[in-house]
Amino acid sequence: MATRNDWIPWTDHAGRFSALKAAVFAFALYPALWLLLRWGMADLGPRPLTEAIHRSGDWAVRFLVFSLAVTPARAVLDWPRIVLVRRMLGVAAALYALLHLLLYVADQKWNPWTVASEIVLRFYLTVGFVAVLGLAALAWTSTDGWQKRLRHRWKALHRWAYALAGLALFHYALQAKINASDAVFWFGIFAWLMLWRALRRPGLWRLAALAPAAALITAATEVAWYGLATKVPYMRVLNANLGFDPWGRPASQVLVLGVVVVVLAVARKRFFFEKKNQKTLGLA
Ligand code: HEM
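The rules behind the values
Residues numbered from 1 in each chain as written. Predicted model: local features only at pLDDT ≥ 70, side-chain atom pairs only at ≥ 80, totals over all residues. Helix = DSSP H or I, 4+ residues; strand = E, 2+ residues; numbered from the N terminus. Rg over C-alpha atoms; globule rule 2.2 N^0.38 Å. Buried ≥ 20, exposed ≤ 12 C-beta atoms within 10 Å, placed from the backbone. Contact = placed C-beta atoms within 7 Å. Axes fitted to C-alpha atoms, helices over the stretch in contact; angles between N-to-C directions. Parallel < 35°, antiparallel > 145°, perpendicular 65-115°, else oblique. Nonpolar A, V, L, I, M, F, W, Y, C, P; charged D, E, K, R; others polar. Near = placed C-beta within 6 Å.

S.K.: Explanation requested: the overall build of the protein in the structure shown.
M.R.: Tallying secondary structure elements over the protein gives 13 helices and zero strands in all. Mapped in sequence order, the helices and strands of the protein form the string α-α-α-α-α-α-α-α-α-α-α-α-α. Over its C-alpha atoms the protein spans a radius of gyration of 21 Å, differing by no more than 12% from the 19 Å that the globule rule assigns to 284 residues. Overall size of the protein, expressed as C-alpha extent along the three principal axes, is 70 × 55 × 40 Å. The buried share of the protein, taken over its 284 residues, is 31%. Considering only intrachain contacts with a sequence separation of at least 6, the fraction spanning at least 24 residues in the protein is 62%.

This is how it looks when you write it as structure tokens:
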């Protein structure tokens, strides 16, 4: 049951202070405050607007992926309360995407015709624009009121977050020039999340198989991207992916994170069983 002050970012549905929500709220504010501070100190490099466009875009993608990771985190860590922060993460993604668009408009000297024609003519901007519109619609309808109004259609509507994340990552990769490593890394994490979803709450063995599967998809995407979008010989990219360097290429980064998830799942299971055993023996 929602209370009158449940809109406050650091309270839960019952209106009680939630340390988890407060921490995520502070985390969501941090990039904006960082940008503001650097802007104020004239410390954003020779092209501050361009730098701010890039940073806000990065954080929009990150928060979007974090919001999609909430359901797997709840299942893997057996942590139902994490759901409390999903809306905040999704709204943060939409707000950073809107800030990103606003900064772009400022960079175009606030000329609406230039902005509109650029969005129509440049494919990567058209893709980004569709993603911004979708994210804004999801953020707007994320409230309890809209949830009640739309009932079962609300879930179907909010499943579009996956497609919008796909579009945002496509925009990210399209705008990358020589180095697409960051875009490919986030695509790899997205691939892991999509596989997790397709397997419908996988058990431990399948969870373990997800790590190499997502890493392979990441490596294949990187090879394909460089092969299609640049003149970098694809064999060079493939070779770089074949040697295992834990934090070297996006594929190995995705593999390491996939393994970390398995370790966390095992640790959580052990902890849970130990607690259960202690309870049965009357020790807890
Ligand atoms: C109308 C909507 C959008 C416009 C006009 C726009 C514009 C831009 C521009 C101009 C760049 C820099 C390109 C360059 O330097 O050559 C960029 C990069 C980027 N955009 Fe967007 N964008 C839009 C939507 C989005 C959305 C919805 C997201 C994510 C949710 C996003 C995430 C990014 C990212 C991650 C980068 C790269 C940042 C980096 O290089 O570190 N953009 N965008």
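Resuming the write-up.
S.K.: Where do I start with the packing of helix H5 (residues 112–121) against helix H6 (residues 123–140) in this structure?
M.R.: Two numbers describe a pair of packed helices, the interaxial angle and the distance between the axes. Look at H5 against H6: their axes get within 5 Å of each other, and the N-to-C directions meet at 105°. In terms of their interaxial angle, H5 and H6 are classed as roughly perpendicular. Contact residues: H5 offers Glu118, Ile119 and Val120, while H6 offers Leu125, Thr126 and Phe129. Counted by class, the contact of H5 with H6 contains four nonpolar, one polar and one charged residues.

S.K.: Would you mind going over the site of the ligand with me for this structure?
M.R.: Looking at the ligand, there are 22 residues lining it, with Gly57, Ala60, Gly128, Phe129 and Ala168 nearest. At the level of elements, helix H2 (48–68), helix H4 (86–107), H6 and helix H9 (160–175) are the ones that each hand at least two residues to the shell around the ligand. Examining the composition of the shell around the ligand, we find that seven residues originate from one element, H2, more than from any other.

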